[in-house]
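Spelled out, the chains give:
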Amino acid sequence: FLIGRLIDNDELVMYYGNERKNLYEKPSFNEIFKSEEMSLERWVFKQDVLVFENWAIDLTHKKWQFRNNQKVIFRGCEIIGDDTPICFDGVSEIIIEDCTFTYFNNRVFLINDCLSLNIKESLFKECVYLYDVYQNSNGCIYFIADKGTTLASGEREIRVEDSKFIDCSVWNKEGHY
């Protein structure tokens, strides 16, 4: 079966990485797309709907930003982080299913102007938000800014179901609490 960008039109982009022979190893998104325009330090995704399925994604040298998308879906992905969270600006719906997030030294998600965040059957492991006395200490795994639109009822939907958080915490570098 082919891996890569299976659908790419004005409305939907689907990046699919099937399971390899070794059932525990997913294809590397970084390796497959290293020669494309996304090879810069920051990858900005602006399509209406984006789907990332069955990928190993290394964010230790990349910054991912999603802007004004209708829907962003991560399904079955293993994502390794570093000092920069995955940023969502103006994304209506974020869906995270059966994913693993490890080694983030900052928040995993930074979310502005979002209506719905659904995290299901996912694992967050060793995600530690390190901040100093001058930073906002709110949010370890995700931070949702106060600004933004809401549902007709005036609310935003945040749902976390059947997920695990192992060795995740917030630490002040200066020792202030």
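The rules we used
- Residues numbered from 1 in each chain as written.
- Predicted model: local features only at pLDDT ≥ 70, side-chain atom pairs only at ≥ 80, totals over all residues.
- Heavy atoms only, no water.
- Helix = DSSP H or I, 4+ residues; strand = E, 2+ residues; numbered from the N terminus.
- Buried < 20%, exposed > 50% of the residue type's maximum accessible area, 1.4 Å probe, protein only.
- Contact = heavy atoms within 4.5 Å.
- Disulfide = S-S within 2.5 Å.
- Pairing = 2+ DSSP bridges.
- Patch = residues over 30% accessible without salt bridge, like charges linked within 9 Å, V, L, I, M, F, W, Y side chains within 5 Å.
- Areas by Shrake-Rupley, 256 points an atom, 1.4 Å probe, with all protein chains shown as cover.
- Salt bridge = Lys/Arg side-chain N within 4 Å of Asp/Glu carboxyl O.
- Axes fitted to C-alpha atoms, helices over the stretch in contact; angles between N-to-C directions.
- Core = buried A, V, L, I, M, F, W, Y, C linked by side-chain atoms within 4.5 Å.

*Asks:* So what about the overall build of the protein? Which residues, and what values?
*Replies:* Looking only at helices and strands, one finds 1 helix and 19 strands in the protein. Here the protein holds 177 residues, and the buried ones make up 40% of them. A sequence separation of at least 24 residues applies to 44% of the contacts in the protein between residues at least 6 apart.

*Asks:* So, the state of the cysteines: which residues are in play, and what are the values?
*Replies:* One pass over the full model with this rule turns up 0 disulfides. C99 carries a free sulfur, and the closest cysteine sulfur to it, the one in C77, is 4.7 Å from it.

*Asks:* Provide a residue-level description of the pairing of strand β4 (residues 49-53), including the pertinent values.
*Replies:* In the case of a regular strand, side chains alternate between the two sheet surfaces. Burial analysis of β4 places 4 of its 5 residues in the buried class, which makes it a mostly covered element. By the bridge criterion, 5 bridges tie β4 to strand β7 (residues 71-75) in an arrangement that is parallel. When the bridges of β7 are listed, V49 appears paired with K71.

*Asks:* Residues and numbers for a nonpolar patch on the surface, please.
*Replies:* On the surface, I158, V160 and F165 cluster together to form a nonpolar patch covering roughly 240 Å² of accessible area. Mapped onto the elements, I158 comes out in strand β17 (residues 157-161). On the basis of relative accessibility, which here comes to 41%, the residue I158 falls in the partly exposed class.

*Asks:* Describe the sheet that holds strand β2 (residues 12-16), listing the residues and the values that go with them.
*Replies:* Taken in spatial order, the 7 strands line up as β1-β2-β4-β7-β10-β13-β17 in an open sheet, and their pairing is mixed. Each edge of the open sheet is held by one strand with a lone partner, namely β1 (4-8) and β17. Direction aside, the axes of adjacent strands within the sheet are offset by 5° on average.

*Asks:* Go over the pattern of salt bridges, please, and point to the residues and values.
*Replies:* Counted according to the given criterion, the structure contains 4 salt bridges. Across the salt bridge formed by E53 and R75, the nearest N and O atoms sit 3.3 Å from each other. Here R75 lies in strand β7 and E53 lies in strand β4, a separation of 22 residues in the sequence. Of the charged contacts, one joins E157 and R159 as a salt bridge, the two residues approaching to 2.9 Å between their closest N and O atoms. The class of E157 is partly exposed, set by a relative accessible area of 26%. On the accessibility criterion, R159 (40% relative accessible area) is partly exposed.

*Asks:* Talk me through the nonpolar core; I want residue IDs and the actual numbers.
*Replies:* Within the largest apolar cluster, 32 residues are counted, with the highest numbers of intra-cluster contacts made by F52, F66, F74 and F101. Of all elements in the fold, only β2, β4, β6 (63-67), β7, β9 (86-89), β10 (93-97), β12 (109-112) and β13 (116-120) reach the threshold of two or more residues within this core. With near-sequence residues (within four places) excluded, F52 lies in contact with Y15, F29, F45, W64, F66, I73, F74, R75 and C77. One finds Y16, V51, I73 and I95 within the second-largest nonpolar core, a separate group that totals 5 residues.

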